[in-house]
Amino acid sequence: MSIRLATGGRLIDRNSTVKFTFNGKSMTGADGDTLASALLANDQMLVGRSFKYHRPRGIVASGAEEPNALVNLGQGAHHEPNQRATTTELFPNLIATSQNHWPSLEYDIGALNGFFARYLTAGFYYKTFMQPRAFWKHVYEPFIRQSAGLGKAPDPETRDPDIYEHFYAFVDVLVVGGGVAGLQAARAAGESGAKVLVLEQTAFWGGRAPVDGGEIDGLSPDDWIKKTVQALEAMPNVTLRTRNMGAGVYDHGYVLGYERLTDHLANTRGPRHRLWRIRARQVIAATGAIERPISFAGNDVPGVMLASAARDYLINFGIAVGRKTVVVTNNDDAYRTAIALKKAGQDVPVVIDAREFGGGALMQEAKALGIRVETGRAIAKVKGGKRVTGVALCAMAGGGAMVEEIACDAVAMSGGWSPVVHLWSHCGGKLTWDDEQSFFRPDSSKAPTGADGQAFVVCAGAADGHMHLRYVLQDADLKGKGVAVSLGCDRPQTTLPTAPDSVETPLMPVWLMPANAWDDLRMKAWLDFQNDVKVSDVQLAAREGYESVEHTKRYTTLGMATDQGKLSNINGLATLAASLGEDIPNVGTTTFRPPYTPISMGAIAGEARGEIFQPLRKTPLHDWHEANGAHWEPVGHWRRPYCFLRDGEDVEQAVHREVLATRNSLGLLDASTLGKIIVKGPDAGRFLDMLYTNMMSTLKPGKCRYGLMCSENGFLSDDGVVARIDEDTFLCHTTTGGADRIHAHMEEWLQTEWWDWQVYTANVTEQYAQVAVVGPNARKLLEKLGGMDVGKETLPFMGWVDGTLAGFPVRVYRISFSGELSYEIAVPAHLGRAFWDKVLEAGAEWDATPYGTEALHIMRAEKGFIMIGDETDGTIIPQDLGLHWAISKKKDDYLGKRAQARSHMTDPERWQLVGLETLDGSVLPDGAYAVAPGNNANGQRNTQGRVTSTYHSPTLGKGIAMGLVRHGPDRMDEVITFIGDDGETEHKARIVNPVFFDPEGEKQNV
Amino acid sequence: MSDPVLPLGSASFDGLVEVREIGPQGMITLRGDLSAPEVIAAVTDLAGLEMPGLRGANTAGDTGLLWMSPDELLLLVPYRQAPAAVDRLTAALDGQHVLIVNVSDMRALFQLRGTQLRDVLAKLAPVDFAPEALPAGELRRTRFAQVAAGVWLLDDTTARVFCFRSVAGYMFSLLSTVADPDSQVGFHVK
């Protein structure tokens, strides 16, 4: 059993107790505990069930590498699954529940899977659930999803109540990791004057050194750390951040830091997480190393733990993970755990050392303390189910024949250490196999390189493979200084901290214990605790032909869980290498991908939630619309009124009212969103002749002309009215969605192709509020407002003029998208609302009716005007739409001309624009296809056209539509059949002229 | 004629920094050859300020010259004087290839004030806001979260931020959100 000892625990405050619950049970921890240490203090050895076999699982590690102790944290809107107990700082009233069991952690019916483990091998699902095919989706997958999996997904109806933010930081040197290596590297770099940022993922500085012991500059590690942190804090060019994990390294020195601001607090204000988006000229990864488990049977029984973790819990939190702890190792370091436990008064029945002759000085020290040491021995298997009750001792060299059973309640294992090379590898740093120390370490000759081809990441200390305090500090000092010099700073003059030399006996690689373990032992020897992958699974994969480590990973799911195989990868690939008879470096590693540990979705989203999830663009009249029943339609980031709902109206009624009011008297439209781009210069006319299909250079000042713009591939891209302001100046109107895009299109051509043409552009879309005054009474309204002559002679159709209306400075364009007498009036945006109010007031006598985008669409469709995005979809050329009149034959060239001459574009089989009317006056379904006889090569019905716009016309009292039909203009009055959304219902429609209303244009020319 | 109305009616927020919508501010876009002596003479004569260099922002009160791009300058003038200033510039540069247009109503302008200024700005824009990287009197055209924006510092604790008028509400909410009093960073300001 695990207990809190009466003394010890450098990170906890024993006088301050913290209450929390686990699976509803009240427990008490100390201030400074992690959830993991608090659970152990309450003898909660069993913390979860495994993914596949629902095996009882306990805490294995003490940090970010923990595979087992994942909990559901919080309740309701604060509920979060898969939180690691080892990195969750305890706070008052924390609520945690364990995962992946039913009905309870203690009695889990899914554990039955364990009895069938012999059949649930690697690839079991792939092999078993292939047939019948339809069963996968409807039977197998729902069943497997129910029984496998980890945390509980949050309730879809809840919303994360916390706030998050981003922070952009630019530094010369980023040090990831605040252990002694990181601190020394930061100090060395900081002394050079470089701007240094140090990130430490935990809440405290110094990493493992205080636990592992030793002496630095004659000080204890704790004292040296304190002194060094103080020195760094005093440097104005150095920033230190705890609870901030270096999550990923990307191209060009871009690094993400994941700062957890309030996760350790009960009552929180301000942002919960902050995502640091860092640009660093150089990155020093001082990320330390992670201890490896040993693969022996029953290595997943609760109570079996990494030796380093057992030491951490003892020294940092004053916890003995067992009253009788067996230590099993292949190296000297684990003796530190035995020694520490013994010195703390705990029983260590035996240290099992796989090496034939055992270790060096540390072994002697353990022996001197009276600890029994068995060399050349191994654990055949761990006894116990929900907690350890003993181990079976055997010879390392054999198959597992037990020589002795030793009672214990915990096992501390150490299979050696692996440098944390993740950040080095994220952006392409390569690894090399260190045969002597049996781990992959960074290959400094193949570093991640930046835009200049130079390395921008170095690893320091244990992350670079230096495992002893003395060399860790030497390396860190060297790397810190080297980075400073590479940035052009003077070589810092810091003195190298000294630590006593220590000689340790080399480890012996142990990838399976005992070396020739029998089948039944290998089937219980876990590699990946979180995804339930055993030695036998990887061996099976190798036998079935999986040679690539990447394929084996996916077949067995080794390393694919939320911990990304931090404990399992090296053991797994060593097992694979042994099975294949290959050397480990020839098998290689899987890819290390960011983030180092999972980061929250909230941190990624940052401030973008709720009201500021996306920018909402508002016209100067937006507030009026909102207050007057606007039924909104998103148009890009704009909101435009689709229609204005009056009391008791539905949307359709409102739209019809707006159309009829406009046609019969007076309508008003907020046209402010339409793009307005000024094009000026001696070459402006020539430039617009290239941009538009028709001739713009011949337009007279004071006049307007409708124009079409195509891409260089000939496809129709945008349309709008161009007004010539003076000899050198044009104002081009674009569609609402086209404003920014067309401005960029203009600038691109000017900057890349026609850079020698004298043309400047300016996008002045938002300078103006633009109000369309539309309908038979439009002129009367303008005359009533007064201030300028808007008569038929002075301001004819397609003319524009500057002036004042009701005292407002205006530019009035007489243009029409409805077929009515129509003026579009531009006023400075800051005056837009006042002008609108004035127009409404003056127009009351004609029932001036604000209308929305749907009425606009219907009225343009009644007139047969095309709409970009309805009649066009990026594959339509103007010729398809019968717009030959807007394509100049006189011009040598325009963008799209050459493309439009290509054979496919001139093919008479291309579908052409026509009007469509159902035989019974009903409305055709939007997007419906017209069918043709026969089937195509895929067995689908042939088609001969489709609907592009379709409405009920209140003006005409019937459905009207436009569509593209093969040979359409030659087939007037022919009836063709469209198929409805259900794929069956037939709609008969007659091909007609697309101009349904006032074909002579008499209404707009009054 | 009515008085000009700001997009947010002079909204303000007090947090890590004080955020205040200001204006109306007369603005004139000038595109042309910024090295041409005639252009330099016309704009410096109008503003009474030195011609700004690369990314420069030379301002005094509601008058200023902002370097927007190698061929674009934004002139700040008192709002009511903008039309006359356009006429004056146009006359002074008659015969030059330039584009001069009054854009006084096109943008929203905010003033941010407070000691936490640089840390607050660094939450929204991928810009190095360190004093040596962005000293007072230098303009950055960038993005604030999801919209285009410009920013320059008048002094170490005062910045002006502008964006397009349509996203004034978004910008104000952004600035207010990241100026939450409980969200101090301590990077630029320790």
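What counts and what doesn't
- Residues numbered from 1 in each chain as written.
- Chains lettered and ligands numbered in written order.
- Predicted model: local features only at pLDDT ≥ 70, side-chain atom pairs only at ≥ 80, totals over all residues.
- Heavy atoms only, no water.
- Helix = DSSP H or I, 4+ residues; strand = E, 2+ residues; numbered from the N terminus.
- Rg over C-alpha atoms; globule rule 2.2 N^0.38 Å.
- Buried < 20%, exposed > 50% of the residue type's maximum accessible area, 1.4 Å probe, protein only.
- Contact = heavy atoms within 4.5 Å.
- Areas by Shrake-Rupley, 256 points an atom, 1.4 Å probe, with all protein chains shown as cover.
- Arc of directions from axis to C-beta.
- Pairing = 2+ DSSP bridges.
- Axes fitted to C-alpha atoms, helices over the stretch in contact; angles between N-to-C directions.
- Salt bridge = Lys/Arg side-chain N within 4 Å of Asp/Glu carboxyl O.
- Polar contact = N/O pair within 3.5 Å; in protein donor to acceptor, adjacent residues only side chain to side chain.
- UniProt positions renumbered as here; feature names shortened; annotations may be inferred.
- Phe/Tyr/Trp six-rings, centres within 6.5 Å; stacked < 30°, edge-to-face > 60°.

1. Remarks on the overall build of chain B
Secondary structure assignment for chain B yields four helices and 11 strands. By the compact-globule yardstick of 16 Å for 190 residues, chain B fits well, its C-alpha radius of gyration being 17 Å. Taken over 190 residues, chain B has a buried fraction of 60%. Expressed as a percentage of contacts within chain B between residues at least 6 apart in sequence, the contacts between residues at least 24 apart total 62%. Per element, the accessible surface of chain B, about 6,900 Å² overall, is 49% carbon and sulfur.

2. Quick notes on helix α1 (residues 37-47) of chain B
All names here are of chain B. Among the residues of α1, those classed as buried are V39, A42, V43, L46 and A47. Relative to the axis of α1, the buried residues are bounded by an arc of 110° and lie together on one face. Summarising the geometry of α1, the exposed residues directed more than 90 degrees from the buried face are P37 and D45. Buried residues belonging to α1 abut β3 (25-31), β5 (63-69), β6 (72-78) and α2 (82-92). Downstream of α1 by a residue or two, G48 has a phi angle that is positive, lying close to 70°.

3. What to know about the sheet that holds strand β20 (residues 373-375) of chain A
All names here are of chain A. Pairing in this open sheet of five strands is parallel, and the strands run β16-β24-β18-β19-β20 from one edge to the other. The sheet terminates laterally at β16 (304-306) and β20, the two strands that pair on one side only. When strand polarity is set aside, the average angle formed by the axes of neighbouring strands in this sheet is 20°. Pairing of strand β19 (residues 351-353) with β20 involves three bridges; the strand directions are parallel. If you follow D353 over to β20, its bridge partner there is T375.

4. Considering the interface of chain B and chain A
Interface size is commonly expressed as the accessible area that is lost once the parts come together. Each partner contributes residues to the interface: chain B has 54 residues there, and chain A has 54 residues. Counting every contact that joins chain B to chain A gives four salt bridges. Two residues, R269(A) and D182(B), come together in a salt bridge whose shortest N-O distance is 3.0 Å. Across the chain B-chain A interface, the total number found is 27 residue pairs in polar contact (both at pLDDT 80 or more). Among the secondary structure elements, those contributing two or more residues to the side of chain B that touches chain A are β7 (99-102) and α4 (168-178) of chain B.

5. Section: the side chain of Q25(B)
With respect to the secondary-structure elements, Q25(B) resides in strand β3. A polar contact of 3.0 Å, which involves the side chain of Q25(B), links it to the backbone oxygen of D62(B).

6. So, the pairing of strand β2 (residues 18-22) of chain B
All names here are of chain B. Here three bridges tie strand β1 (residues 12-14) to β2, and the two strands are oriented antiparallel to one another. Considered in β2, the bridge of D14 is made with E18. Note that β2 and strand β8 (residues 107-113) share five bridges and pair antiparallel. Within β8, the residue paired with I22 across the bridge is L109.

7. Structural notes on the sheet that holds strand β34 (residues 675-680) of chain A
Residues and elements named next belong to chain A. One open sheet holds the five strands; their spatial order is β35-β36-β37-β34-β38, and the pairing between them is antiparallel. Each of the sheet's edge strands pairs with one partner strand only, and the pair in question is β35 (704-710) and β38 (760-763). Pairs of neighbouring strands in the sheet enclose a mean axial angle of 30°, with direction left out of account. Sheet topology places β34 next to strand β37 (residues 729-734); six bridges connect them, and they run antiparallel. Bridging from a neighbouring strand, K676 pairs with H733 of β37. The sheet contacts of helix α22 (residues 739-752) involve β34, β35, β36 (716-726), β37 and β38, and relative to β38 the element is tilted by about 165°.

8. Focus on the UniProt feature "domain: SoxA A3" (unreviewed entry) in chain A
Per the UniProt record, "domain: SoxA A3" (unreviewed entry) is found at residues 524-606 of chain A. Annotated as residues 524-606 of chain A, this span is 46% helix and 6% strand, and its ends, taken at the C-alpha atoms, are 44 Å apart.

9. Thoughts on the packing of aromatic side chains
Summed over all chains, the structure comprises 20 aromatic pairs over all chains. Their ring planes at 75° and their centres at 5.5 Å tell us that F167(A) and F187(B) sit as a pair that is edge-to-face. Within this pair, whereas F167(A) is found in strand β9 (residues 164-176), its partner F187(B) is found in the segment after α4, the two belonging to separate chains. Using a relative accessible area of 5% as the deciding quantity, one classes F187(B) as buried. Taking the centre distance of 4.7 Å and the plane angle of 10° together, the rings of W754(A) and W757(A) count as stacked. W754(A) gets classed as buried once you look at its relative accessible area, which sits at 11%.

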